[in-house]
Amino acid sequence: MDAFYASVEQRDDPALRGKPVVVAWRGARSVVCAASYEARTFGVRSAMPAIRAERLCPQAVFVPPDFVRYKAVSRHVREIFARHTDLVEPLSLDEAYLDVTVTKTGLPSATATAEAIRAAIREETQLTASAGVAPNKFLAKIASDFRKPDGLFVIRPHQIDAFLAPLSVGRLPGVGKVMEAKLETLGIKTVSDLRELPAAELEMRFGRWGRRLHELSLGIDEHPVQPNQLTLQVSAEDTFEHDITLDELEPHIRRLAEKTWAAHQREAQGGRIARTVVLKLKTSDFHTLTRSFTPAFRPTSADELADLACALRARVERPADSRYRLVGVGLSGFVDADSYAAQRDLFNGD
């Protein structure tokens, strides 16, 4: 979806159309959730501090996010996907992979399917989407960004080598700024450069990831589209207006535990429950700390979750006057509820 959250806001409020819209709460600790294309021309980007976005674009209209509305639109879009294929792997509210090797509609090609999906999204939601069509996931992902907004880009099998060769290695999935800098020290800036280095040397320098880099440079990606992926963790977190100490965290932990527990209960309706409690902290100097604990018996309420998360503060080995800018509470270690109950009964029977 194109500038999804911002586009929903512009669709629902005609006064915002054509204006630089930034979806974010105002404040020194807030970050940008989305920026309209009008705002992007000023350099505003998602995940940027909101205060910086305001400096870059003083005339921007700031709109607080409304995730209830965004999720409703996302569900509608996924219903459109489901008319064409059951092989849908959501990445987020606004992005997904679809395997359209075989479709429900009988359309003659993946390109025709992408065009039909984009047309339905436009007609039914009054929003635009961009699509990438390619023989595998990572190429389709790259292609989806090539004609944004409201675009379609197709990479056919015989075009893969020529398409990839001039791209910066930073366009490959998993190659962030650090890896990009490491590769540049080896004289590698483009995918074409990367191909020149033997796979064995890449593997020697970077282990299994080196082998993966070599495969990506050749356009090889055997990862299938995986629908209905199981949730690994549910969590909620909050960034504070002012840094606070460990002792001051309890009310915030309890509030977040309520949100996390509500998300967990939705998973539990599908027969899966979590056993491990996770506490996440970010220090005033931006170091992230996580502490986790798997009790003998899983928490059975938001209060129990909050008690366990609060107790995890004792395992944070930092000076007592340390201050924190963010706290999060999570649940992980999901297991089948029936299996857990059987194991617990066996334990109690002993």
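See the structure shown above.
Remember, predicted model here, so these are calculated numbers, not experimental data.

Let us look at the sheet that holds strand S8 (residues 233–244). Taking strand neighbours across the sheet as the criterion, the 4 strands line up as S8-S11-S9-S10 in an open arrangement whose pairing is antiparallel. The two strands at the open ends of the sheet, each matched to only one other strand, are S8 and strand S10 (288–293). In this sheet, neighbouring strand axes are inclined to one another by 20 degrees on average, regardless of whether the strands run parallel or antiparallel. Pairing of strand S9 (residues 272–283) with strand S11 (residues 324–336), which is carried by 11 bridges, proceeds in the antiparallel orientation. Bridged to Ile273 within S11 is Val335.

In this section: the state of the cysteines. In this structure the tally under the stated criterion is 0 disulfides. Free of any disulfide, Cys57 has its nearest cysteine sulfur in Cys33, 16 Å distant. Given a relative accessible area of 0%, Cys57 falls into the buried group.

Before going further, it helps to examine the side chain of Ser30. Along the chain, Ser30 turns up in the loop between strand S1 (21–23) and strand S2 (34–35). Residue classification places Ser30 among the buried positions, given a relative accessible area of 11%. Within polar-contact distance, the side chain of Ser30 engages the backbone oxygen of Trp25 at 2.5 Å. When near neighbours in sequence (up to four residues on either side) are disregarded, Ser30 contacts Ala24, Trp25, Met48, Pro49 and Ala50.

Quick notes on the rules
Residues numbered from 1 in each chain as written. Predicted model: local features only at pLDDT ≥ 70, side-chain atom pairs only at ≥ 80, totals over all residues. Heavy atoms only, no water. Pairing = 2+ DSSP bridges. Helix = DSSP H or I, 4+ residues; strand = E, 2+ residues; numbered from the N terminus. Axes fitted to C-alpha atoms, helices over the stretch in contact; angles between N-to-C directions. Disulfide = S-S within 2.5 Å. Buried < 20%, exposed > 50% of the residue type's maximum accessible area, 1.4 Å probe, protein only. Polar contact = N/O pair within 3.5 Å; in protein donor to acceptor, adjacent residues only side chain to side chain. Contact = heavy atoms within 4.5 Å.

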